[in-house]
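Residues per chain, in single letters:
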Amino acid sequence: MARSKRSPVERAAFLALSAALIVGAWICIHRAACSVTAPYQFPVQPSMPEWVGLSANARRAACRRGWRSR
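Residues numbered from 1 in each chain as written. Predicted model: local features only at pLDDT ≥ 70, side-chain atom pairs only at ≥ 80, totals over all residues. Heavy atoms only, no water.

Asks: Sorry if this is basic, but what is going on with the overall build of the chain here?
Replies: Summing up its helical and strand segments, the chain has 3 helices and 0 strands in all. Reading the secondary structure of the chain in the N-to-C direction produces α-α-α. Split into buried and exposed, the 70 residues of the chain put 1% on the buried side. As presented, the chain carries roughly 7,000 Å² of accessible surface, and 65% of it is formed by carbon and sulfur atoms. (Helix = DSSP H or I, 4+ residues; strand = E, 2+ residues; numbered from the N terminus. Buried < 20%, exposed > 50% of the residue type's maximum accessible area, 1.4 Å probe, protein only. Areas by Shrake-Rupley, 256 points an atom, 1.4 Å probe, with all protein chains shown as cover.)

In structure tokens:
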């Protein structure tokens, strides 16, 4: 079986592109989607008077709204 001969330039280009793909994949995998430095402060919390005025269904919807929008 005959081996195809590649020029040194083709081999160098292939190695450079392979290295760039590996580094790019590594960066994407190890980068956080977003950095969290402080917990999210919900605009209405159970200790607030606005929360007391909500019905049970409205409270449930308020808790789920942020989760489902992601």
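Now that the structure has been shown, the text picks up again.
Asks: Is there a simple way to think about a nonpolar patch on the surface in this case?
Replies: A surface patch of nonpolar side chains, about 320 Å² in accessible area, is lined by Val-23, Trp-26 and Ile-27. In this fold, Trp-26 is placed in helix H1 (residues 8-30). (Patch = residues over 30% accessible without salt bridge, like charges linked within 9 Å, V, L, I, M, F, W, Y side chains within 5 Å. Salt bridge = Lys/Arg side-chain N within 4 Å of Asp/Glu carboxyl O.)

Asks: Where do I start with the confidence of the model for the chain in this structure?
Replies: One rule of thumb: low pLDDT means the predicted coordinates there are not for detailed reading. Residues at a pLDDT of 70 or more form 86% of the chain, whose mean pLDDT is 80. Confidence, expressed as mean pLDDT per element, reaches its minimum in the chain at helix H3 (residues 56-68) with 73 and its maximum at H1 with 91. (pLDDT = per-residue confidence, 0-100.)

Asks: What's the story with the environment of Val-44 in this structure? I'm lost.
Replies: The residue Val-44 is located in the loop between H1 and helix H2 (49-52) in this model. Taking C-alpha positions, Val-44 is 9.7 Å from Arg-59, a pair spaced 15 residues apart along the chain. Not counting the four nearest positions on each side in its chain, Val-44 is found in contact with Glu-50 and Trp-51. (Contact = heavy atoms within 4.5 Å.)

Asks: Looking at this model, I keep getting lost on the environment of Arg-59. Mind explaining?
Replies: You can see Arg-59 is positioned in helix H3. When its relative accessible area of 29% is taken as the criterion, Arg-59 is described as partly exposed. If sequence neighbours within four positions are ignored, Arg-59 has contacts with Trp-51, Val-52 and Leu-54.

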